[in-house]
Each structure stands twice: as C-alpha cells, then as structure tokens.
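What follows is the residue order along each chain.
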Amino acid sequence: MKFFIDTGNVDEIREAAEMGILDGVTTNPSLLSKEKGNPFEILKTICEIVDGPVSAEVIATKRDGMLEEAKKLAEIADNIVIKLPTTPDGVKACKELTSQGIKVNMTLVFSPLQALLVAKAGATFVSPFVGRLDDISSDGMGLIGQVAQIYENYGFETEILVASVRHPMHIVQAALMGADICTIPFKVITQMFKHPLTDIGLEKFISDWKKLMGED
Ligand code: E4P
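Asks: Would you explain the site of the ligand in this entry?
Replies: Around the ligand, the neighbouring residues are Asp 6, Thr 26, Asn 28, Lys 83, Phe 129, Arg 132, Ala 163, Ser 164 and Arg 166. Contact between the ligand and Arg 132: an oxygen atom at 2.7 Å from a side-chain N or O atom of the residue. Here Arg 166 contributes a side-chain N or O atom positioned 3.0 Å from an oxygen atom of the ligand. Isolated, the ligand exposes 340 Å² of accessible area, and the fraction of that covered by the protein chains is 84%. The cavity where the ligand resides is the largest pocket. For the shell around the ligand, the per-class residue count stands at 2 nonpolar, 3 polar and 4 charged.

Asks: Would you explain the sheet that holds strand β8 (residues 181–184) in this entry?
Replies: Adjacent strands of a sheet pair through backbone hydrogen bonds, lying either parallel or antiparallel. Here we have 8 strands rolled up into a closed barrel, ordered β1-β2-β3-β4-β5-β6-β7-β8, and parallel in their pairing. Across this sheet, the average inter-strand angle for adjacent strands is 30°, counted without regard to direction. Those strands touched by helix α6 (residues 112–120) are β5 (104–109) and β6 (125–128), and its axis lies near 165° from that of β5.

Asks: So what exactly am I meant to see when it comes to the layout of surface pockets here?
Replies: Gaps left between atoms show up when a probe the size of a water molecule is rolled over them. Roughly 410 Å³ of volume is contained in the largest pocket. Considering the residues around the largest pocket, the lining is formed by 24 residues, among which Asp 6, Asn 28, Leu 31, Lys 34 and Pro 185 are closest to the centre. Elements supplying a minimum of two residues to the lining of the largest pocket: α2 (29–33) and β5. Taken as a whole, the second largest pocket holds about 260 Å³ of empty space. Around the second largest pocket sit 15 residues that line it, and Phe 40, Glu 57, Ile 59, Glu 69 and Leu 73 are the ones nearest its centre. Across the lining of the second largest pocket, the residue classes break down as 9 nonpolar, 3 polar and 3 charged.

About the thresholds
Residues numbered from 1 in each chain as written. Predicted model: local features only at pLDDT ≥ 70, side-chain atom pairs only at ≥ 80, totals over all residues. Heavy atoms only, no water. Near = heavy atom within 4 Å. Polar contact = N/O pair within 3.5 Å; in protein donor to acceptor, adjacent residues only side chain to side chain. Areas by Shrake-Rupley, 256 points an atom, 1.4 Å probe, with all protein chains shown as cover. 1 Å grid on protein atoms, 1.4 Å probe; cavity = no way out; pocket = protein on both sides within 12 Å on 5 of 7 lines; lining within 4 Å. Sits in = over half its atoms within 2 Å of the grid points. Nonpolar A, V, L, I, M, F, W, Y, C, P; charged D, E, K, R; others polar. Pairing = 2+ DSSP bridges. Helix = DSSP H or I, 4+ residues; strand = E, 2+ residues; numbered from the N terminus. Axes fitted to C-alpha atoms, helices over the stretch in contact; angles between N-to-C directions. Contact = heavy atoms within 4.5 Å. Points joined across faces, edges and corners; volume = space filled by probe spheres on them.

Below you can see the structure in the form of structure tokens.
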C-alpha cells in the first residue's frame, strides 16, 4: 500500500519524507489556503521534496476552464497530478487529459457509481472521501469495499486512493480491503506509530541497560 500525505504544509511533507514512508502528496484548495505564500510556489517546493505524484486541484467548474488550469498546474513539475471534481465536466476534462498522457486524480467521490464513471474515463486515481461520509452517518469504508469489488470485476486500472482519512483504523481497514493508496493527514501519520506497549517496553530496556551500566 502506498502512503500519500494529505497536506499543503512543506514542513510536514519534509518530515514525512524523512521517515522514508512517503509515496506522494495530495493537496486541495482548502489545505493550501492554510499556508502562507503563493500556492504555485508551494506546489513547486512540494514537487522538489517528494519523488512521487503531487495532486493539485483545479477550481474551474467547466471543462474548458479546468483544462486551462490543468495546463498551468502541469507546468509546475513533471510529478504534478491534476485533481478534478467528479462532475460531468470533470469527467470530460479527465478523458481529455488522460488521452494527452496527463495523470488525473478524480476527487469528491462519494458513491460507487461515481467511481465507475471516473474509471471508465481513464482516471489514474479515484479519491473516495471516507471521513466525510462517516460524518453524515454513512459507511465510508463500505464505499471502499464496493469500489474495490467493482474495479476487480472489470479489471479497471484506476488506483483507489482513500481520502478524507480521519484516524488510523481507516488505514487498517483500507489495507485489509486492498486499497492501493491512503492519503493521510500528518497527525494521523504520527498516530500510526503509537502503541503503549512500545513506549513501556522501550522505557524498560533503557532503564535496565542503565542499571547494568551503573548509570541510574
Ligand atoms: C484529499 O485528496 C482530499 O481533498 C482530502 O482527503 C479531504 O479531506 P477532508 O475531508 O478531511 O477535508
């Protein structure tokens, strides 16, 4: 399973990259709005740090506007992936960009039918939003299971990128379901390392060693 980080924060990206577990980055307009500086410059810096796909989202809602923005975003770096909303215009733009060999991440996916549509349009990645579904008492991870089954049934190559991840159990469930990628907020990445028995065990090893060395 690949791990992407879901942030526009360069410090968080650097730290996750140093851990050696980072395969890519997803941003969105809301995440970039939290950062200081020009978003195009921020995306350029991110693309230099990470050796993997970096999703950058358009805000146009019509096909032609999306394609214009996509062109500008794709010029930032070779590893930019264009993020498009899952609407009829988004799907049209997806078809066009993928036919030009540009990678596309279809975002704001909340149903299996939306996932089927974007796969048919040749999307590189599909981003079902699990946390936002959970927020409205729907089954976010259930959607991942459905998409995985549908893609397997028809041999679609679109990668399932689990988005709107809120806690470590989303990642466990996604891995058990065979999702290709999870995009994870920095806070949840740090939570993934945590286990109380690791902390207790480490403390004991250190204190026993210090006793042995007469250092306590
Ligand atoms: C990433 O591609 C999505 O934009 C992001 O995961 C959405 O997360 P949120 O629902 O926590 O805003």
